[in-house]
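Breakdown of the fold
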Amino acid sequence: EAGVAQSPRYKIIEKRQSVAFWCNPISGHATLYWYQQILGQGPKLLIQFQNNGVVDDSQLPKDRFSAERLKGVDSTLKIQPAKLEDSAVYLCASSSENQPQHFGDGTRLSIL
Amino acid sequence: AQTVTQSQPEMSVQEAETVTLSCTYDTSESDYYLFWYKQPPSRQMILVIRQEAYKQQNATENRFSVNFQKAAKSFSLKISDSQLGDAAMYFCAYRSGLDSSNTGKLIFGQGTTLQVKP
C-alpha cells in the first residue's frame with residue numbers, strides 16, 4: 001500500500017510571499033488532515049476533511065491560510081501572505097473509518 | 001478542552017536497557033483513545049501503540065508496552081531492550097471517542113526526544 005505523499009519536501013520563501021503544499025492520501029481514505037508542527041512542539045491540527053467537506057477548521061488562520069480537497073482525494077494547503085511565524089513542518093495525514101492516522105513525510109517551510 | 005502533557009523533553013537510555021516515557025492528559029470525556037507516535041529525524045511519524053480507554057488491559061506491541069492509569073490520567077510508554085533504531089522523538093496523543101467513525105483529530109503532547117547510547 002502506498003503511503004501518504006506530500007510535496008515539496010522543503011520550501012524556502014520570503015515573508016509576504018505565497019506558498020502551496022500538496023498532499024495525496026492513501027487510496028480509499030476518506031479523512032484527510034493537515035497539521036502544523038512548529039520546531040520543538042507537537043503537531044497541531046489546522047484542518048480536517050471528510051471526503052471533500054470540511055469537518056474542523058477551527059484552528060486555521062483563515063486570513064492567510066486556505067485549503068481545499070477537490071474530488072475528495074488530494075488536497076492543497078496554501079499560505080498567502082506568509083509570516084515569519086509560519087515557519088514549521090506541515091504534515092498531511094489520512095485515515096479510514098476506525099483506523100489510525102497515517103502521516104506523510106511533511107513539508108518543511110522556512111520563512112526568511 | 002483536552003490537553004496532553006509530556007514533562008520530559010529529553011531522555012536517554014543505554015542500548016538493551018529499558019526506558020519509560022511519561023505522558024499525562026486532561027479530559028472530561030469517558031470514551032477516548034491514546035496513542036504513542038515515533039518521529040525519527042526528518043522522517044515520517046509512525047504509530048507505535050494505541051490504547052482504548054474502555055479497555056483495562058494495557059496494550060503491548062513487541063518491545064513496546066504502556067501503563068495506562070485511567071483514574072490518574074496517565075499513559076506512559078515502556079521500551080524494553082532498547083535499540084539504536086528507537087532513537088527518535090516520541091509523541092503522546094489523544095483522540096476523542098465521541099464520533100462513531102473514530103476519525104477525530106489527534107491532540108499531541110510536546111514530545112520527548114529519546115537518545116539511545118551504544
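Further up the page is the structure itself.
Throughout, residues of each chain are indexed from 1 in the direction in which the sequence is written. Chain A is the first chain written and ligand 1 is the first ligand written, with later ones labelled in order. Whole-chain, interface and lining totals are the exception, using all residues; otherwise, since this is a predicted model, local features are given only for residues with pLDDT of at least 70 and side-chain atom pairs are given and counted only at 80 or more. With hydrogens and water stripped out, all remaining heavy atoms of the structure feed into the side-chain values.

Soluble globular proteins tend to pack their nonpolar side chains together in the buried interior. One finds Tyr-25, Trp-36, Phe-75, Leu-77 and Tyr-90 of chain B to be the most contacted residues of the largest nonpolar core, which totals 26 residues. Helix numbers and strand numbers start at the N terminus; a helix is a DSSP run of H or I with at least 4 residues, a strand a run of E with at least 2. Of the residues forming this core, the biggest block, four residues, is contributed by strand β10 (residues 88-96) of chain B. If we skip the residues at most four places from it in the chain, Leu-77 of chain B touches Val-19, Thr-20, Leu-21, Trp-36, Ile-49, Phe-64, Ser-65, Val-66 and Tyr-90 of chain B. We call a set of buried residues a nonpolar core when its members are Ala, Val, Leu, Ile, Met, Phe, Trp, Tyr or Cys and they connect through side-chain atoms within 4.5 Å of each other. Residue exposure (1.4 Å probe, protein chains only): buried if accessible area is under 20% of the type maximum, exposed if over 50%, otherwise partly exposed. Counting residues in each nonpolar core, the second largest holds 21 residues, with Phe-49, Leu-60, Phe-65 and Ala-82 of chain A among its members. Whether two residues are in contact is decided by their heavy atoms: any pair within 4.5 Å suffices.

Moving on, we come to the interface of chain A and chain B. Between chain A and chain B, the residue contacts involve 26 residues of the former and 19 residues of the latter. Here chain A and chain B share an interface that buries about 1700 Å² over both sides, 45% of which is from carbon and sulfur atoms. The three residues of chain A that bury the most area against chain B are Asn-98, Pro-100 and Phe-103 of chain A, which together make up 28% of that side's buried surface. Should a side-chain nitrogen of Lys or Arg be within 4 Å of a carboxyl oxygen of Asp or Glu, the pair is scored as a salt bridge. Taken together, the connections running from chain A to chain B amount to one salt bridge. Buried area is understood as the total, over both parts, of accessible area removed when two parts are fitted together, assessed with a 1.4 Å probe.

In this section: the packing of aromatic side chains. The rule is short: rings of Phe, Tyr and Trp, with Trp giving its six-membered ring, pair when the centres are within 6.5 Å, and they are stacked under 30 degrees, edge-to-face over 60, tilted in between. Overall, the coordinates contain 15 aromatic pairs over all chains when judged by the stated rule. Look at Tyr-35 of chain A and Phe-103 of chain A: their rings are 5.7 Å apart centre to centre, the planes differ by 40°, and that puts the pair in the tilted class. Here Tyr-35 of chain A is found in strand β4 (residues 31-37), whereas its partner Phe-103 of chain A is found in strand β10 (residues 102-103), with 68 residues between them in sequence. Taken together, the aromatic side chains of Tyr-33, Tyr-35 and Phe-103 of chain A together with Phe-35, Tyr-37, Phe-91 and Phe-108 of chain B make up a single cluster linked through ring pairs. Lysine and arginine charges are scored as sitting over a ring when NZ or CZ, respectively, is within 6 Å of the ring centre and within 35 degrees of the ring normal. Taking the ring centre of Tyr-33 of chain B as reference, the NZ or CZ of Arg-95 of chain B above it sits at 4.6 Å.

Take the environment of Phe-35 of chain B next. Residues and elements named next belong to chain B. Positionally, Phe-35 belongs in strand β5 (residues 32-39). Judged by its relative accessible area of 0%, Phe-35 is buried. Measuring from C-alpha to C-alpha, the distance between Phe-35 and Ala-88 comes to 16 Å, with 53 residues separating the pair along the chain. Look past the residues within four positions of Phe-35 in its chain and what remains in contact with it is Leu-47, Ile-49, Arg-50, Phe-75, Phe-91, Cys-92, Ala-93, Arg-95 and Leu-106.

Before going further, it helps to examine the sheet that holds strand β3 (residues 19-24) of chain A. Residues and elements named next belong to chain A. When DSSP finds at least two bridges between two strands, those strands are taken to pair. Within the open sheet, the four strands sit side by side as β1-β3-β8-β7. Their pairing is antiparallel. Among the strands making up the open sheet, the edge pair consists of β1 (5-7) and β7 (65-68). Averaged over neighbouring strand pairs, the angle between their axes works out to 15° when direction is ignored. Note: β3 against strand β8 (residues 75-79), five bridges, orientation antiparallel. The partner of Cys-23 across the bridge, within β8, is Ser-75. Whenever a helix is involved, its axis is fitted only over the stretch in contact; in every case the axis is a line through C-alpha atoms, and angles between N-to-C directions fall within 0 to 180 degrees.

Attention now moves to the state of the cysteines. Residues and elements named next belong to chain A. Criterion for a disulfide: a pair of cysteine sulfur atoms at a distance within 2.5 Å. On inspection of all chains with the given rule, the structure shows two disulfides over all chains. Disulfide pairing places Cys-23 opposite Cys-92 at an S-S distance of 1.9 Å. On the sign convention where negative is left-handed, the bridge of Cys-23 and Cys-92, at about -70° about the S-S bond, is left-handed. You can see Cys-23 sitting in strand β3 and its partner Cys-92 sitting in strand β9 (residues 88-95), a full 69 residues away along the chain. You can call Cys-23 buried: its relative accessible area is 0%. On the basis of relative accessible area, Cys-92 is assigned to the buried category, the value being 0%.

Taken as a whole and judged by the stated rule, the model has eight salt bridges over all chains. Note that Lys-105 of chain B is salt-bridged to Asp-56 of chain A, the shortest N-O span being 3.8 Å. Linking Lys-105 of chain B in the loop between β10 and β11 (107-108) with Asp-56 of chain A in strand β6 (residues 53-56), this pair reaches from one chain into another. One connected set of salt bridges, linked through shared partners, spans Arg-64, Glu-85 and Asp-86 of chain A.

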